[in-house]
Amino acid sequence: MSKIHYDRLKILVIEDEDFTRNLICRLLREVGVRFIGECANGKDGLMELVRARPHLVFCDVHMEPMNGLQFLKGVRNIKVKGVDQTAIVFLTADSNTDTVIFAKEHGVVGYLIKPVSLKQMRDRIDFVVTNTPILAAELMEP
C-alpha cells in the first residue's frame, strides 16, 4: 500500500464541545496531521471551509446556531468550485437512522460514533484519501 502523507493533509474540525474538539485535534496530531482548523459550530465552519479549503472535515451533528446537517446541506449547495465536493465525516454520538440516511444522501464519506479511537480516526482518513482520486494524487506516494 502507498504511504499517505498525513503531514500534508488539511483538516477542519467542527465541534461545539471544547473538550471533544481538543481531543479530536490531539488524535489528528497523533496521526501526523499538521494543518488543523477548528470551529465551534456549522456557521463558522462553513465560512472557514471556504477560506481554508481543507481536504477533509470532521463535523459534529448537534450544534447551534447551524447544526451538522445544515452545514452538510450548505456545503453541497455552495457555488464555490471544489468546495461543494469536500469530504465530510460526521463525528457524533447520534446514531439515529434518519440522521444516517440524510448523511448518506448528501454524500458524507464517513460516520464515526463518539467517542472515537485513534485507530478509527486513522482508518477513516486512510479510507477517504485512498478512495478519493484527487486526494490520493495529492497526498499519497505512488
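Each value, and the rule that gives it
Residue numbering note: each chain is counted from 1, following its sequence as written. Local features in a predicted model are, by the rule used here, given only for residues with pLDDT of at least 70; side-chain atom pairs are given and counted only at 80 or more, and totals for whole chains, interfaces and linings are based on all residues. The side-chain values count all of the structure's non-hydrogen atoms but skip hydrogen atoms and water molecules. A pair of strands is treated as paired once DSSP finds two or more bridges between them. Runs of E in the DSSP output that reach at least two residues are strands. Runs of H or I that reach at least four are helices, and both are numbered from the N terminus. For helices, the fitted line uses only the C-alpha atoms of the stretch in contact; every axis is such a line through C-alpha atoms, and the angle between N-to-C directions lies from 0 to 180 degrees. In what follows, a contact means two residues having at least one pair of non-hydrogen atoms within 4.5 Å. A cavity here means a set of points on a 1 Å grid, drawn over the protein atoms and nothing else, where a 1.4 Å probe fits but cannot get out; a pocket is an open set with protein on both sides within 12 Å along at least five of seven lines, and a residue lines either one if it has an atom within 4 Å of a point. Grid points are joined across faces, edges and corners, and a volume is the space filled by probe spheres set on the points. Residue polarity follows a fixed list, in which Ala, Val, Leu, Ile, Met, Phe, Trp, Tyr, Cys and Pro are nonpolar, Asp, Glu, Lys and Arg are charged, and the others, Gly among them, are polar. Per-residue accessibility, obtained with a 1.4 Å probe over protein chains only, is compared with the maximum for each type, and a residue is labelled buried under 20%, exposed over 50%, and partly exposed between these values.

Quick notes on the sheet that holds strand 1 (residues 10-14)
Ordered by their spatial adjacency, 5 strands build an open sheet running 2-1-3-4-5, and the pairing between neighbours is parallel. The strands lining the two open edges of the sheet, one partner per strand, are strand 2 (35-39) and strand 5 (110-113). Strand-to-strand twist of the sheet, defined as the mean angle between neighbouring strand axes without regard to direction, takes the value 20°. Pairing of strand 1 with strand 3 (residues 56-59), which is carried by 4 bridges, proceeds in the parallel orientation.

Let's talk about the side chain of His5
With respect to the helices and strands, His5 occurs in the segment before strand 1. Apart from the residues lying within four places of it in its own chain, the contact partners of His5 are Leu139, Met140 and Glu141.

With respect to the layout of surface pockets
Here the largest pocket is characterised by a volume of approximately 470 Å³. Those elements that provide at least two residues to the lining of the largest pocket are helix 5 (118-130) and helix 6 (133-139). It is helix 6 that provides the largest number of residues to the lining of the largest pocket, a total of 3 residues. Considered class by class, the residues forming the lining of the largest pocket number 8 nonpolar, 7 polar and 5 charged.

Here's the deal with unusual backbone geometry
With an omega dihedral of 0°, the bond running from Glu64 to Pro65 counts as a cis peptide bond. Counting through the fold element by element, Pro65 comes out in the loop between strand 3 and helix 3 (68-77). In this chain, Lys114 is followed by Pro115 through a cis amide linkage whose omega measures 0°. Relative to the helices and strands, Pro115 is located in the loop between strand 5 and helix 5. Although it is not a glycine, Arg53 adopts a positive phi angle of roughly 50°. Of note, Arg53 is situated in the loop between helix 2 (42-52) and strand 3. The class of Arg53 is partly exposed, set by a relative accessible area of 40%.

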